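Working through the structure, step by step
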Amino acid sequence: MTDDELDLDHQDPPGTGGFADFDAFFAEQAATGPAETFQLYGRTYTLPDALPLMFTLQMERLQASDDPDDVRTMLRTLVGEDALDHWAEQGMTDRQLGIVLIYAAATVRRPGSITLQRAAELYDQQNGAAGKAPTPPAPNRATRRAKTGRRRAGSGRRS
């Protein structure tokens, strides 16, 4: 593109018969690569070519919601109508759901950008590092003193 083509002063002024057809433009811009799929509990799910706006809006709303209907609405835009109920019937945990959501969202944004293991690591990092060994409690004062083998110095007073 030349500078003249990018200069808006050289374009037709608004209202002079120009028509912006976003439907045609977005159809031309649509990704044409192969659809990304994953398998879970015996079913194959096909992810959309791009992250739907409804998914993004629902994710924002869900952060403070415990309503399963909100999760269903969000998932419907990614993997279909009854996915959440099917997963729940199969015994899915909240951690597993989180991993699936991270994987699906990253894969839709950039196919091949994340592995299942990395999605699990990201989930654990976001949720208090679940799965890591717990940090042992700090030793109490008596234990610390016993380890040093030193006696406590007196206050300087005579008895």
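Since we're looking at a predicted model, the values are computed, not measured.

1. With respect to helix 4 (residues 68-79)
Between its first and last C-alpha atoms helix 4 spans 16 Å; for 12 residues at 1.5 Å apiece the expected length is 16 Å, and the two agree. For helix 4, every residue scored as buried is listed here: Asp-70, Val-71, Met-74, Leu-75, Leu-78 and Val-79. Along the long axis of helix 4, the arc covered by the buried residues comes to 135 degrees, so they all point the same way. Close packing links the buried residues of helix 4 with strand 1 (37-40), strand 2 (43-46), helix 3 (53-62), helix 5 (83-89) and helix 6 (94-109).

2. Considering the packing of helix 6 against helix 7 (residues 116-126)
Contact geometry of helix 6 with helix 7 gives a least axis separation of 8 Å together with a crossing angle of 120 degrees. In this view, helix 6 runs oblique relative to helix 7, as classed from their interaxial angle. In the crossing of helix 6 with helix 7, the sense of the turn from one axis to the other is right-handed. For the pair formed by helix 6 and helix 7, the contact residues are Asp-94, Arg-95, Gly-98, Ile-99, Ile-102 and Tyr-103 on the first element and Leu-116, Ala-119, Ala-120, Leu-122, Tyr-123, Asp-124 and Gln-126 on the second. Across the contact of helix 6 with helix 7, the residue classes tally to 8 nonpolar, 2 polar and 3 charged.

3. Some remarks on helix 7
All of the buried residues along helix 7 are Ala-119, Ala-120, Tyr-123 and Asp-124. Taken end-on, helix 7 shows its buried residues confined to a sector of 135 degrees, consistent with a single buried face. Exposed residues pointing more than 90 degrees away from the buried face of helix 7 are listed as Gln-117, Gln-125 and Gln-126. In this structure, the buried residues of helix 7 make contact with helix 6. One or two steps after helix 7, the chain reaches Gly-128, where phi turns positive at roughly 75 degrees.

4. Remarks on the environment of Gly-80
Residue position: Gly-80 is located in the loop between helix 4 and helix 5. For Gly-80, a relative accessible area of 25% translates into the label partly exposed. The spatial distance from the C-alpha of Gly-80 to the C-alpha of Thr-46 is 8.8 Å, given a sequence separation of 34 residues.

5. Here we look at the pattern of salt bridges
As enumerated under the stated definition, the model contains 6 salt bridges in all. Taking the shortest distance from any N to any O, the salt bridge between Arg-72 and Asp-85 comes out at 2.8 Å. Taken together, the positions of Arg-72 in helix 4 and Asp-85 in helix 5 put the pair 13 residues apart, joining distant regions of the chain. When its relative accessible area of 30% is taken as the criterion, Asp-85 is described as partly exposed.

6. Some points on unusual backbone geometry
In the Ramachandran plot, Tyr-41 falls in the positive-phi region, its phi being about 50 degrees despite a non-glycine side chain. Tracing the backbone through its elements, the reader meets Tyr-41 in the loop between strand 1 and strand 2. Classification of Tyr-41 as partly exposed rests on a relative accessible area of 28%.

How each quantity is defined
Residues numbered from 1 in each chain as written. Predicted model: local features only at pLDDT ≥ 70, side-chain atom pairs only at ≥ 80, totals over all residues. Heavy atoms only, no water. Helix = DSSP H or I, 4+ residues; strand = E, 2+ residues; numbered from the N terminus. Expected span 1.5 Å × (residues − 1). Buried < 20%, exposed > 50% of the residue type's maximum accessible area, 1.4 Å probe, protein only. Arc of directions from axis to C-beta. Contact = heavy atoms within 4.5 Å. Axes fitted to C-alpha atoms, helices over the stretch in contact; angles between N-to-C directions. Parallel < 35°, antiparallel > 145°, perpendicular 65-115°, else oblique. Left-handed = near helix turned anticlockwise from the far one by under 90°. Nonpolar A, V, L, I, M, F, W, Y, C, P; charged D, E, K, R; others polar. Salt bridge = Lys/Arg side-chain N within 4 Å of Asp/Glu carboxyl O.

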